[in-house]
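# Fold and geometry: a report
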Amino acid sequence: MMIEKTVKIINKAGLHTRPAATIVKLAAKYKSEFYIYRDGMGINGKSIIGVMTLAAEMGSELKLTFDGPDEQQACDEIVAYFERGFDEL
Amino acid sequence: MIRIDQNSIKRKENINVKFLYENAKNICKLKLLTNNNDFEKKIFDQNLHRPGLALAGFVDLFSYNRVQVFGNTEMRYLEQLSDDKKAEALDRIFKFNIPCIVLTDNNEPFNILVEKANFNKIPVFSTSYSTTKLVYLLSDFLDDQFSPSLTVHGSLVDVYGVGILFVGKSGIGKSEVALDLIERGHRLVGDDVIIFTKKGEGILIGSGTKIGKHFMEIRGLGIIDVQSMFGIRAIRYQKRLEIVVELETWDENTEYTRTGLDEKTITIMDVEIPYIKLPILPGKNITVISEVISLNYLLKHYGHNSAKIFNERLNEKLKQKNNLDNRGVEYFEHDFE
């Protein structure tokens, strides 16, 4: 099964380089495939260039999908990071 | 298999006239003739329309939501009408929500046309190109705009003129292979995020994204800018996709092709692309193999299929009675080297 979650960017600076790097690092710990979608563009959440390409500013919505043996843990940790506003609130 | 997500296939529903004007102005040599314009008017169709019949009075099945092209026929027809009739003919088609009009062949608009167009806020352009040429250029532009496109995670490299897309799990070494290929004189189209657009039937053109163009991440090193580092010869903006190479760690249970006679393909947006699965093993130089993949593709393209030729040789040999394989050369004539 695959988990799908929609998240919103809530910090002022948006998804800039530092959070992008953190997301990629978090994702790399897990075996599951992790994809991020924005306006129909899907990128691999384990690729820093990909995550930066999203250029997701404050207020934008992203769809996250997790697929693999540890998808629940991966989803929990990464979604929590989005919800904390990348620890920038 | 690589992940082709149907949800990631995007298709523009419409473009507005402003976008058309800004982007096709130079390509089609468009000159704006009206001054009261609604640039928000939408174009929904890549096809163009010549409204000859509609101007003459037959408006059933009038494809009004396309760009309207007024060529010599339309203009000569309108010009020979009396002013009242001109107004009537134009009113007939301006009742519909026409996005815009292009006059070809340097046709000058008569006053009533400009007045009526301004009143209805329909942008009118003129071009020096002939109708045939304008139709060709504008159709190509619109075709591209309305084509489906797909984002794929991988690296696209031009190797000896053949577009190879490397796919595989994150961290398998796609970027490293691409970097190695660049070092050997091949050209990078994009790394990590590649957008493919369908061009006509059976052709996929790939390019990087606006922001990620020619940047690359190397694990343990970070982000590098390939264009500044290796120069213009190391990059290109777009390339036709010709082969998909999937890199994966060696898996005992997967069968890898040994002869190359069974050619696998992958279907991306209804286009069949040759597909090769490459296991990564110690001592295996993926870069050199990639070059060989390209050269083999080119050989096949020029009618030389190595696997088939070997197969034919074998079949020939099998037909002979005394078929023990022997030296490739019968007699080494005074050759002591």
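Structure shown above.
My aim in this report is to walk through the structure given alongside it, one point at a time. Just so it is clear, the model here is predicted, and its values are computed rather than measured. (Residues numbered from 1 in each chain as written. Chains lettered and ligands numbered in written order. Predicted model: local features only at pLDDT ≥ 70, side-chain atom pairs only at ≥ 80, totals over all residues. Heavy atoms only, no water.)

## Here we look at the interface of chain A and chain B
Which entries qualify depends on this criterion: Note on contacts: a residue pair is in contact if any heavy atoms of the two residues lie within 4.5 Å. Accessible area that two parts lose when put together, with a 1.4 Å probe and added across both, is what the buried area reports. The term salt bridge refers to a side-chain nitrogen of Lys or Arg lying within 4 Å of a carboxyl oxygen of Asp or Glu. The helix count covers DSSP runs of H or I at least four residues long, the strand count covers runs of E at least two residues long, and both are numbered beginning at the N terminus. All residues other than Ala, Val, Leu, Ile, Met, Phe, Trp, Tyr, Cys, Pro, Asp, Glu, Lys and Arg, Gly among them, are scored as polar; the first ten of these are nonpolar and the last four charged.
Counting residues at the interface gives 19 residues for chain A, matched by 21 residues for chain B. Of the roughly 1600 Å² buried where chain A meets chain B, counting both sides, 59% is carbon and sulfur surface. Applying the counting rule to chain A against chain B returns 0 salt bridges. Elements that contribute at least two residues to the side of chain A that touches chain B include exactly β2 (33–38), β3 (41–44), α2 (48–53) and β4 (61–67) of chain A. The greatest single-element share of the side of chain A that touches chain B, amounting to 5 residues, is contributed by α2 of chain A. Counted by class, the side of chain A that touches chain B contains 8 nonpolar, 7 polar and 4 charged residues.

## Some points on the sheet that holds strand β7 (residues 124–126) of chain B
Stated formally: DSSP bridges decide pairing: two strands pair if at least two such bridges lie between them.
Strand order in the open sheet made by the 5 strands is β2-β7-β6-β5-β4 (chain B), with mixed pairing throughout. Edge positions in the sheet fall to β2 (31–32) and β4 (48–49) of chain B, since each of these pairs with one other strand and no more.

## Some details on the packing of helix α1 (residues 17–28) of chain A against helix α3 (residues 71–83) of chain A
Residue and element names in this part refer to chain A. Formally: Here an angle of 0 to 180 degrees is reported between the N-to-C directions of two axes, which are lines fitted to C-alpha atoms, with helices fitted over the stretch in contact. By definition in this entry, angles of less than 35 degrees are roughly parallel, angles greater than 145 are roughly antiparallel, angles of 65 to 115 are roughly perpendicular, and the rest are oblique. Note on convention: near helix rotated counterclockwise from far helix by under a right angle means a left-handed crossing. Clockwise means right-handed.
At their nearest, the axes of α1 and α3 sit 10 Å apart, and the two run at 165° to each other. Taken together, the axes of α1 and α3 are roughly antiparallel relative to one another. Where α1 crosses over α3, the two elements pack in a sense that is right-handed. Residues Arg18, Pro19, Thr22, Ile23, Leu26 and Ala27 of α1 lie in contact with α3, whose contacting residues are Glu77, Ile78, Tyr81 and Phe82. In the contact of α1 with α3, the residues fall into 7 nonpolar, 1 polar and 2 charged.

## A look at the sheet that holds strand β1 (residues 2–8) of chain A
Residue and element names in this part refer to chain A. The 4 strands lie next to each other as β1-β4-β2-β3, forming an open sheet whose pairing is antiparallel. At either end of the open sheet lies a strand with only one pairing partner, and these are β1 and β3. Recorded for the sheet is a direction-independent mean angle of 25° between the axes of neighbouring strands. Pairing of β2 with β4 involves 5 bridges; the strand directions are antiparallel. When the bridges of β4 are listed, tyrosine 35 appears paired with threonine 65. Lying on the sheet, α3 is in contact with β1, β2 and β4; it crosses β4 at an angle near 160°.

## Digging into the nonpolar core
This is how it is decided: Here the nonpolar core consists of buried residues drawn from Ala, Val, Leu, Ile, Met, Phe, Trp, Tyr and Cys, with membership extended through side-chain atoms lying within 4.5 Å. Categorising residues by exposure relies on relative accessible area from a 1.4 Å probe, with only protein chains included: less than 20% of the type maximum marks a residue as buried, more than 50% marks it as exposed, and the intermediate range marks it as partly exposed.
Ranked by size, the top nonpolar core spans 30 residues in total, and within it Leu15, Leu62, Leu64, Phe66 and Phe82 of chain A carry the most contacts. Counting residues per element, the ones that place at least two in this core are β1, α1, β2, β3, α2, β4 and α3 of chain A. Take this core: its biggest share by element is 6 residues, from α3 of chain A. Sequence-distant contacts of leucine 15 of chain A, defined by excluding residues within four places in its chain, comprise Ile9, Ala20, Ile23, Val51, Ala56, Leu62, Phe82 and Phe86 of chain A. Core analysis: the second largest hydrophobic core is formed by 23 residues, Phe230, Ala234, Ile235 and Ile286 of chain B among them.

## Some points on the pattern of salt bridges
Evaluation of the coordinates by the stated rule reveals 21 salt bridges over all chains. Two residues, arginine 38 of chain A and aspartate 39 of chain A, come together in a salt bridge whose shortest N-O distance is 3.9 Å. Residues glutamate 88 of chain B and arginine 92 of chain B are paired through a salt bridge, measuring 3.1 Å at the closest nitrogen-oxygen approach. Taken together, the residues glutamate 88 of chain B and arginine 92 of chain B, both in helix α4 (residues 83–94) and 4 residues apart, mark about one turn of the helix. Given a relative accessible area of 19%, arginine 92 of chain B falls into the buried group.

## Let's talk about the layout of surface pockets
Residue and element names in this part refer to chain B. Worth spelling out the cut-off: Both cavities and pockets are sets of points on a 1 Å grid over the protein atoms alone; in a cavity a 1.4 Å probe fits but cannot get out, in a pocket the set is open with protein on both sides within 12 Å along at least five of seven lines, and lining residues sit with an atom within 4 Å of a point. Grid points are joined across faces, edges and corners, and a volume is the space filled by probe spheres set on the points. Reported domain spans reflect what an automatic or database domain assignment gives.
In this structure, the largest pocket spans a volume of roughly 1200 Å³. For the largest pocket, the lining is made up of 30 residues, of which Asp144, Ile195, Thr197, Ser207 and Gly208 are closest to its centre. Listing elements by their share of the lining of the largest pocket, those giving two or more residues are α1 (17–28), α6 (131–145), β8 (149–159), β10 (187–199) and β11 (203–207). Its residues assigned to classes, the lining of the largest pocket comprises 9 nonpolar, 12 polar and 9 charged. For the lining of the largest pocket, the two domains that each supply at least three residues are domain 1 (15–145) and domain 2 (148–309). Its boundaries defined by the atoms lining it, the second largest pocket holds a volume of some 730 Å³. If you go around the second largest pocket, you meet 26 residues; those closest to its centre are Thr257, Gly260, Tyr275, Ile276 and Lys300.

## Some words on the pairing of β8 of chain B
Residues and elements named next belong to chain B. Within β8, 11 of the 11 residues are buried, which leaves the element mostly enclosed by the surrounding structure. Where burial is concerned, the two faces of β8 agree: the one with Ser149, Thr151, His153, Ser155, Val157 and Val159 and the one with Leu150, Val152, Gly154, Leu156 and Asp158 are both buried. Note that β8 and β10 share 10 bridges and pair antiparallel. From the neighbouring strand, aspartate 158 faces β10, where its bridge partner is arginine 187. Inspection of the sheet shows β8 paired to strand β9 (residues 162–168) by 5 bridges, in the antiparallel sense. Looking across to β9, one finds that serine 155 is bridged to phenylalanine 166.

## Examining the packing of aromatic side chains
One pair of aromatic rings is described through two measures. These are the centre distance and the angle between the planes. Rules: Only centres within 6.5 Å qualify two rings of Phe, Tyr or Trp (six-membered ring in Trp) as a pair; their planes then separate them into stacked at under 30 degrees, edge-to-face at over 60, and tilted for everything else.
A full pass over the atoms with the stated rule returns 9 aromatic pairs over all chains. Ring centres of tyrosine 21 of chain B and phenylalanine 125 of chain B lie 5.1 Å apart, and the angle between their planes is 25°; this geometry places the pair in the stacked category. Taken together, the positions of tyrosine 21 of chain B in helix α1 and phenylalanine 125 of chain B in strand β7 put the pair 104 residues apart, joining distant regions of the chain. We note that tyrosine 21 of chain B, like phenylalanine 125 of chain B, is buried. With a centroid separation of 6.5 Å and 55° between ring planes, the pair formed by phenylalanine 62 of chain B and tyrosine 64 of chain B is classed as tilted. Judged by its relative accessible area of 8%, phenylalanine 62 of chain B falls in the buried class. The class of tyrosine 64 of chain B is partly exposed, set by a relative accessible area of 33%. A connected cluster of aromatic rings, assembled from ring pairs, spans Tyr81, Phe82 and Phe86 of chain A.

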